Structure formats: structure tokens, C-alpha cells
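Here is what each chain is made of, one letter per residue.
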Amino acid sequence: MWSSLRYCRLDSAVAVLFSFILVGCAARPGAEVLTPVAASSGEKTLQIYVATTREREISSGNVFTANRANALNFAKFVVSVPPNHKSGSVEMPTATPDPRSSFAVVDQAVMSEADFRKAVAPQGDTRRKKHKAFVFVHGFNSNFQESLFRLAQLQADIKIDGIPILFSWPSQGQVAAYETDKQSASYSRDYLMALLTMLSSSSEVSDIMVVAHSMGAMLTVDALRQLRIEGKDRVIARLGRVVLAAPDINA
């Protein structure tokens, strides 16, 4: 089934991903950390794009709930990396983010599907240099903010040569909500398929890497299986590598 792509349970990215499991005891960042703060001079910033099946709290904002949306929502965040960042650590912001000591949102924008497509999967613009896409699918018991900063940490540590894209599904962010999370992950399968199809249809995207963690790995494999069943081999063929970290899958 997986003969046309590199399917990896172990990869250089995995060691960093395992650090996610260790941050569960820390205070969880609330939606207030998504409000942009002023960046200090000289700080490195990362531009992260978001495709999510989470519902927006309000249509004009980028606060996402644990409810299921009836269509993909799109956004862009600019996240600064703290100057004292340690590889493998996620310096989560507090209620009042300080870019000098934690990851912090310094800019954000609501995007339409057309805006998102133009930014990450343009069609027919031969003047643009081809680029890679790096899709991160978060796992069980994760709120939106945690997933955003975890992707920022991955990009900062591994320096993957590609546009970082967060695929966020409506996890409840609660240990006791495993079954609800599982249902929400399954609900999001077709939307992940749509994102991968969008990326693969762009002649400007040279390669697609997918990194999925925990229950996000179950969602990813389910999406790839359905793409194969539907005969969408062309989409699968465009995936350069699929990395599953601590996959929540029955071996």
C-alpha cells in the first residue's frame, strides 16, 4: 500500500516530537496568547499557515474552539522564537507573552481559501521558485495554541526546508476526552485529504513532508488509506516523506 512513499516510524524529527509528551504537566496556554505582541529587535520569526477543522470563536478572528467546523478554516501566524530557545523544548508563553523568554505571536491574519492557496499552493505561477511544504498534524489532548507553538518549535529546531502548515483538528485538550478526540480526528479525515490534494495539485510545490504525532498519526494514515482506495495515487506520489511519531495505531 505504501510502496510509492517513504513511510517512517523513526526519523530525525521524531526525537524532537517526543519532547511534546513531556510538556503536558506545564500550564496550558489559553487563547489570549494568540493576541499579537511587539517583537524585540533581532528575534527570529517564523511564518506559519493554518488549515483547521476547528470552529472560529468569531468569524473575523483567529481564536479556534474545540468544536467542529463544517469547512476548513484558514489563517496565518507569525511566531517569534525566543533568543534563549533550547532545542527540544517548547517555551510556552504565559497570559502575557514575552518574546524574550517564550515563543510569541507577533502577527496574524484571517485567510480565505483563495488567500491560503495563493500562499502555499499557487497555480501556474512559473515566475515563483518552487517550494516544499511541511504539514504537521498534532495529536491527542492538544489545544490550538499548543499545536501552533509546537510546530514553531519543530521548524526552529529541525530547520525543515519548507513552508510550515499546521493541520489542526478539534481535540478537546483534555485527558478524559479520548473517545471524543478520536471521533473528531475521524471527522477531519476528508479535510486532511483535501489539504494534501490542494498541495499536490500545485506545480509550485516540489515536495510535501507530513509529520504526525499520536492520534494525528491515526488520522494521517486513515487519510492516506482513503486516498489510495479512491485511486488518488497522484496525491500520494507527491509525498516525499510521512513521519509518524508515537503513533496511536494498532500495529
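Residues numbered from 1 in each chain as written. Predicted model: local features only at pLDDT ≥ 70, side-chain atom pairs only at ≥ 80, totals over all residues. Heavy atoms only, no water.

1. Observations concerning the pattern of salt bridges
Put simply, the test is: For this document, the term salt bridge refers to a Lys or Arg side-chain nitrogen within 4 Å of an Asp or Glu carboxyl oxygen. Any residue under 20% of the maximum accessible area for its type is buried, any over 50% is exposed, and the rest in between are partly exposed; the area is computed with a 1.4 Å probe on protein chains only.
One pass over the full model with this rule turns up 7 salt bridges. We note a salt bridge from Asp233 to Arg228, for which the minimum N-O separation is 2.9 Å. According to the relative accessible area criterion, Arg228 is partly exposed, its value standing at 22%. Residue Lys232 pairs with Glu230 through a salt bridge whose shortest N-O separation is 3.2 Å. According to the relative accessible area criterion, Lys232 is partly exposed, its value standing at 34%. Judged by its relative accessible area of 40%, Glu230 is partly exposed. Residues participating in the shared-partner salt-bridge network are Arg28, Glu146 and Arg150.

2. What about the environment of Trp169?
Definition in use: In DSSP terms, a helix is any run of H or I states spanning at least four residues, a strand is any run of E spanning at least two, and both are numbered starting from the N terminus. Here a polar contact means two N or O atoms within 3.5 Å. Within protein one must be a hydrogen donor candidate and the other an acceptor candidate, and residues neighboring in sequence count only if both atoms are side-chain atoms.
Summarising the element assignment, Trp169 is placed in the loop between β6 (163–168) and α4 (178–187). Accessibility expressed as a relative area gives 0% for Trp169, which makes it buried. Only 2.9 Å separates the side chain of Trp169 from the backbone oxygen of His138, close enough to count as a polar contact.

3. Examining the nonpolar core
Our working definition: To qualify as a nonpolar core, a set must consist of buried Ala, Val, Leu, Ile, Met, Phe, Trp, Tyr and Cys residues joined through side-chain atoms within 4.5 Å. Here, two residues are considered to be in contact whenever any of their heavy atoms come within 4.5 Å of each other.
Ranked by size, the top nonpolar core spans 41 residues in total, and within it Phe116, Ile165 and Phe167 carry the most contacts. At 8 residues, the largest contribution of residues to this core is made by helix α6 (residues 215–229). Setting aside anything within four residues of it in sequence, one finds Ile165 in contact with Tyr49, Phe116, Val120, Ala133, Phe134, Val135, Phe136, Leu151, Leu195 and Leu199. Counting 28 residues, the second largest nonpolar core, distinct from the first, contains Ala75, Phe134, Leu154 and Val243.

4. With respect to the side chain of Ser147
By the secondary structure assignment, Ser147 is in helix α3 (residues 144–158). Residue classification places Ser147 among the buried residues on the basis of a relative accessible area of 0%. Not counting chain neighbours up to four residues away, the residues in contact with Ser147 comprise Phe136, His138, Ser142 and Leu166.

By themselves, these figures tell us nothing about what the structure is for.
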